[in-house]
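# A closer look at the structure
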Amino acid sequence: IIVLIATFLTGSLYLLYPQKNPKVYFRGYNVSAADIEAAKFIHSSTPSSTRYIVLSSIITAAAAIDQYSFSTYYDTDQGKIFYYSIPSGGPLYQTYLSLLYHGQKKEKIEAALDLTKTTRAYVVIPDYWDNAPAIIAGMQTIADSEKIIQDGKMWVFTFDKKL
């Protein structure tokens, strides 16, 4: 019985220990104070007359939904699109993934702005994302401005459509 309990405890500790494993896609992150602060920053710093979208992880989108409900949708030729990117197969989340994994290009953000007929986009990058330093460096070269939240736990990049 002692050997069985020791084996069970060892196995439990192994499975609960955080991993940096490319085959483990979801590591169990949850909504943090940085996510809530980023959502509040975006909401409070945007003039009420400005139509905007937010390209972020589902965690930050969940923080925004908790704070502001499902407040904004945009009519597009692809149907109604929620203003935060959510992983439901929608075009905004596909744009976010493309920015993370296929290079930071302003044309991708401009295409999302055109699709939603909005004038501002925010891109939120958490520090825990794989390859975050390289992604952040790439975003810094194309963004109009940036906001660092909680000493670098979250980065919010702003893009304004040139009229």
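Anything mentioned here points back to the structure above.
Residues numbered from 1 in each chain as written. Predicted model: local features only at pLDDT ≥ 70, side-chain atom pairs only at ≥ 80, totals over all residues. Heavy atoms only, no water.

Attention now moves to the layout of surface pockets. Over the atoms rolls a probe the size of a water molecule, and its path tells where empty space is left. Of the volumes computed, that of the second largest pocket is approximately 160 Å³. What lines the second largest pocket is simply H43, T46, P47, S48, S49, T50, R51, Y52, S71, T72, Y74 and Y83. When its residues are assigned to classes, the lining of the second largest pocket shows four nonpolar, seven polar and one charged. (1 Å grid on protein atoms, 1.4 Å probe; cavity = no way out; pocket = protein on both sides within 12 Å on 5 of 7 lines; lining within 4 Å. Points joined across faces, edges and corners; volume = space filled by probe spheres on them. Nonpolar A, V, L, I, M, F, W, Y, C, P; charged D, E, K, R; others polar.)

A few words now on the pattern of salt bridges. Taken as a whole and judged by the stated rule, the model has five salt bridges. K80 serves as the salt-bridge partner of D75, at 3.2 Å between the closest nitrogen and oxygen. For the pair shown, D75 and K80 are each scored as exposed. Three or more residues are tied together by salt bridges with common partners; here these are K106, D144 and K162. (Salt bridge = Lys/Arg side-chain N within 4 Å of Asp/Glu carboxyl O. Buried < 20%, exposed > 50% of the residue type's maximum accessible area, 1.4 Å probe, protein only.)

On to helix α5 (residues 106–116). Taken residue by residue, α5 has K108, I109, A112, L113, L115 and T116 as its buried positions. For α5, the arc enclosing every buried residue in end-on projection is 160 degrees, short of the 170-degree limit, so these residues lie on one face. Immediately beyond the C-terminal end of α5, within one or two residues, lies K117, with a positive phi of roughly 55 degrees. (Helix = DSSP H or I, 4+ residues; strand = E, 2+ residues; numbered from the N terminus. Arc of directions from axis to C-beta.)

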